[in-house]
Structure formats: structure tokens, C-alpha cells
Amino acid sequence: MSTITKYASAGRATAAVFALGLGLGMNAWADNHGPDKTYNFGEPATAEDLKPFFSPLPDGRGLPKGSGTVMQGEKVYQQQCLACHGVNLEGGIGDRLAGGRGTLVNNNPEKAPVKTVESYWPYATTLFDYVKRAMPFDRPGSMTDDEVYAVSAYILWKGNIIEKDATLNQDNLAKIEMPNRNGFKPANR
Ligand code: HEC
């Protein structure tokens, strides 16, 4: 065996050992990082955990149990909403919430449409969902379901959509016919 061959085979042996090492290393890496790897921490999300991410549907499915009257809602509004939305829902830091009916479609280019819950929103369930998840602006998610039913009732009463003695709950909210309910065309997709 010539010296050159000796070196060459030693080189091959080194390369083989290196490749073996790399192979083992890769196997170990795959064991820890493959798609089937479990990390042994965390836990499956429960239905309760996922709840904040689902909206009730326009037909009322998914609304939580609860109820609230216009008069209870007036108190909630005064304590938690008025500062931003105004004494008469006319808006301020927050949007105007009532009025504007009939302004969405007109032929006067100088009259901008006034979009409010009263004039624009097609479903009362959206009002519940939005307030429940996004309001009060500085403390979203802090209200009970009863408070949200109540303040929704108050806003709908101020928008002349329901009567002053109304009580809203999970069964009747979706039945409210919003003024602009038929003002939307379904997207043709
Ligand atoms: C700190 C100020 C603040 C408070 C308090 C607050 N809001 Fe708001 N509200 C806002 C702002 C700002 C917006 C606009 C948010 C946006 O467009 O992202 C808004 C938007 C809304 C809208 C949507 C209006 C639209 O036509 O898009 C509703 C409904 C609403 N608020 C209801 C309430 C109710 C009910 C309360 C009390 C429980 C409340 N807000 C408390 C600031 C406030």
C-alpha cells in the first residue's frame, strides 16, 4: 500500500465518520423538530378559550344568555359611553351612534351620508357583538352580557328602532328589523 493510498483511505474513513455523525445529528434534530413533535407544554384550547373569537350570527345563533332593558342601558351608557359618544349619541371622541336615516342615498353631492347604528347597520346582533368585544374603547371586554344587552337596547331606543319599555335578550335581539336591513346588496361571489 502506498503512502498516498493510506492517506486517501484515512480521508475516506474520516469523511464516513463525519457523515455518520451528521446523520445522527440530523436524526436527533428531526426527533425534536418534526411535524409530530409534541413539546409537552400548553394544553388544547377549550370552547371557552375560543369564545371571544367567534361572533354571533345575524340570525341570533351564538348569542349568550342574558337580558337588559332600555332603562338599565341608559345607566350603563351614562357611566361607560357618554364621555366619548355624547349625551344624545351625537358623537365626540367616538362615533355618532344615532340619526342619519335617509342620508345614505341622496342626489346632493354636498350632503355626505351620515352612517350610524341607526342609519347604516343591517343587524342588531352586530351591535351586541361590537360593543361586547370592542367597547368601552379604553376597557374592551369588561362588560357583562346583561350590560351589553341593556346598552344595545338603549342605543336602539335612541335610534327609534325599539320601544322604551323593551327588554332585549338572546331570543329577541336578532328579530329586530334594522332600518337599513335591505340597503345592502349581497356580493355576487
Ligand atoms: C374612550 C372613548 C370611548 C368610550 C368610553 C366608548 N367608546 Fe364607543 N367608540 C369609540 C371610538 C374611538 C370608536 C371608533 C372606533 C373605531 O372606528 O375603530 C367607537 C365606536 C363605537 C361604535 C361603532 C360605531 C360605528 O358606527 O362604527 C359603537 C356601536 C360604540 N362605540 C358603542 C359604545 C358603547 C355602547 C360604549 C359604552 C359601553 C362605548 N362605545 C364607549 C370611543 C369610545
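Above this text is the structure in question.
Residues numbered from 1 in each chain as written. Predicted model: local features only at pLDDT ≥ 70, side-chain atom pairs only at ≥ 80, totals over all residues.

### Re the overall build of the protein
Helix and strand counts for the protein stand at six helices and two strands. Reading the secondary structure of the protein in the N-to-C direction produces α-α-β-α-α-α-α-β. Among the 189 residues that make up the protein, the fraction classed as buried is 23%. Once local pairs closer than 6 in sequence are excluded, the contacts in the protein between residues at least 24 apart make up 60%. (Helix = DSSP H or I, 4+ residues; strand = E, 2+ residues; numbered from the N terminus. Buried ≥ 20, exposed ≤ 12 C-beta atoms within 10 Å, placed from the backbone. Contact = placed C-beta atoms within 7 Å.)

### A few points about the packing of helix H5 (residues 124–134) against helix H6 (residues 145–158)
Helices that pack against each other are described as a pair by the angle of their axes relative to one another and the distance between those axes. Between H5 and H6, the shortest axis-to-axis distance is 10 Å and the interhelical angle comes to 125°. The orientation of H5 relative to H6 falls into the category oblique. Viewed along their axes, H5 and H6 form a crossing whose handedness is right-handed. Every residue of H6 that contacts H5 at Ala 124, Leu 127, Phe 128, Val 131 and Lys 132 is listed here: Val 148, Tyr 149, Val 151, Ser 152, Ile 155 and Leu 156. Split by residue class, the contact of H5 with H6 holds nine nonpolar, one polar and one charged. (Axes fitted to C-alpha atoms, helices over the stretch in contact; angles between N-to-C directions. Parallel < 35°, antiparallel > 145°, perpendicular 65-115°, else oblique. Left-handed = near helix turned anticlockwise from the far one by under 90°. Nonpolar A, V, L, I, M, F, W, Y, C, P; charged D, E, K, R; others polar.)

### Quick word on H5
The set of residues buried in H5 consists of Ala 124, Thr 125, Leu 127, Phe 128, Val 131 and Lys 132. Along the axis of H5, the buried residues cluster in a sector spanning 160°; they form a single face. Turning to H5, the residues buried within the fold contact H6. (Arc of directions from axis to C-beta.)

### Observations regarding the site of the ligand
Close to the ligand lie 19 residues, the nearest being Cys 81, Cys 84, Gly 94, Met 135 and Phe 137. Among the elements of the structure, helix H4 (82–85) and H5 are those that each provide at least two residues to the shell around the ligand. For the shell around the ligand, the per-class residue count stands at 13 nonpolar, four polar and two charged. (Near = placed C-beta within 6 Å.)

### Some details on unusual backbone geometry
Cis rather than trans, the peptide bond between Met 135 and Pro 136 has omega equal to -10°. Relative to the helices and strands, Pro 136 resides in the loop between H5 and H6. Unusually for a residue other than glycine, Asn 160 sits at a positive phi of about 55°. By the secondary structure assignment, Asn 160 is in the loop between H6 and strand E2 (167–169).

### Overview of the packing of helix H3 (residues 70–80) against H6
Direction vectors running N to C along H3 and H6 enclose 100°, while the axes themselves pass 7 Å from each other. The pairing of H3 with H6 is recorded here as roughly perpendicular in orientation. Contacts from Val 70, Gln 72, Gly 73, Glu 74, Val 76 and Tyr 77 in H3 reach Glu 147, Ala 150, Val 151, Ser 152, Ala 153, Tyr 154 and Trp 157 in H6. Of the residues in the contact of H3 with H6, the class split is eight nonpolar, three polar and two charged.

### Quick look at the nonpolar core
Counting 30 residues, the largest nonpolar core has Phe 128, Val 151, Ala 153, Tyr 154 and Ile 155 as its most contacted members. Secondary structure elements with two or more residues in this core: H3, H5 and H6. The element contributing the most residues to this core is H6, with nine residues. (Core = buried A, V, L, I, M, F, W, Y, C linked by C-beta atoms within 7 Å.)

### Things to note about the environment of Pro 64
By the element assignment, Pro 64 lies in the loop between helix H2 (47–50) and strand E1 (67–69). Measuring from C-alpha to C-alpha, the distance between Pro 64 and Asp 145 comes to 7.0 Å, with 81 residues separating the pair along the chain. Non-local contacts of Pro 64, meaning those with residues more than four positions away in its chain, are made with Asp 145 and Gln 170.

### Some points on the environment of Leu 168
Along the chain, the position of Leu 168 falls in strand E2. Residue classification places Leu 168 among the buried residues on the basis of 30 C-beta atoms within 10 Å. Leu 168 sits 17 residues away from Val 151 along the chain, and the two C-alpha atoms are 9.7 Å apart.

Honestly, that's just the spatial picture; any functional story needs more than this.
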